[in-house]
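The primary structure of each chain is shown beneath.
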Amino acid sequence: MKKIIFINSTLTKISITGGIAGGDVRLAHIMKRFIVKDWDVHFLTNGGGECFCNYFGLTNVTHHNFDVSANENRLGFISFTLKIIFKLPKSLAHFDGYLYTTNELLFDVIPALRI
């Protein structure tokens, strides 16, 4: 079975309850297509993956979490990026599959490079 991991480092439980953006809807539809095609789908977030999947009705997704906190300002995002460099979940230490980052920002690209 083919594997894929979707990475959205800034997705938290709070961000889901605050509203859904167009990029989130697009991500949900892309993930749904992989699930329908019977891929082993993984989702790396900052604690909001399960809420996201429940909201969009996505099932059979393996969740991985950073659980890193930071302030939502310029220094907060720098701090967040530095924290995730060293905080890759152990469950992904030997992940062998495709990678999909939801954007090109460092806090999503760095985990992809580490996997």
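Above this text you will find the structure in question.
Draft legend 1. Quick look at helix H4 (residues 74-85). A rise of 1.5 Å per residue sets the reference length of H4, with its twelve residues, at 16 Å; its end C-alpha atoms lie 17 Å apart and thus fit the reference within 8%. Turning to H4, its buried residues number three or more, namely Gly76, Phe80, Thr81 and Ile84. One side of H4 carries all its buried residues, which in axial view fall inside an arc of 135 degrees. Along H4, the residues that are exposed and aim more than 90 degrees away from the buried face are Arg74 and Leu75. Considering only its buried residues, H4 is in contact with helix H5 (106-114).

Draft legend 2. Representation of the packing of helix H2 (residues 22-36) against helix H3 (residues 49-56) within the structure. Where H2 meets H3, the closest approach of the two axes is 11 Å, and the angle between their N-to-C directions is 80 degrees. In this view, H2 runs roughly perpendicular relative to H3, as classed from their interaxial angle. Of the residues in H3, those touching H2 at Asp24, Val25, Leu27, Ala28, Met31 and Lys32 are Phe52, Cys53 and Phe56. When the residues that make up the contact of H2 with H3 are grouped by side-chain class, the tally is seven nonpolar, no polar and two charged.

Conventions adopted
Residues numbered from 1 in each chain as written. Predicted model: local features only at pLDDT ≥ 70, side-chain atom pairs only at ≥ 80, totals over all residues. Heavy atoms only, no water. Helix = DSSP H or I, 4+ residues; strand = E, 2+ residues; numbered from the N terminus. Expected span 1.5 Å × (residues − 1). Buried < 20%, exposed > 50% of the residue type's maximum accessible area, 1.4 Å probe, protein only. Arc of directions from axis to C-beta. Contact = heavy atoms within 4.5 Å. Axes fitted to C-alpha atoms, helices over the stretch in contact; angles between N-to-C directions. Parallel < 35°, antiparallel > 145°, perpendicular 65-115°, else oblique. Nonpolar A, V, L, I, M, F, W, Y, C, P; charged D, E, K, R; others polar.

Nothing here speaks to function; it is geometry throughout.
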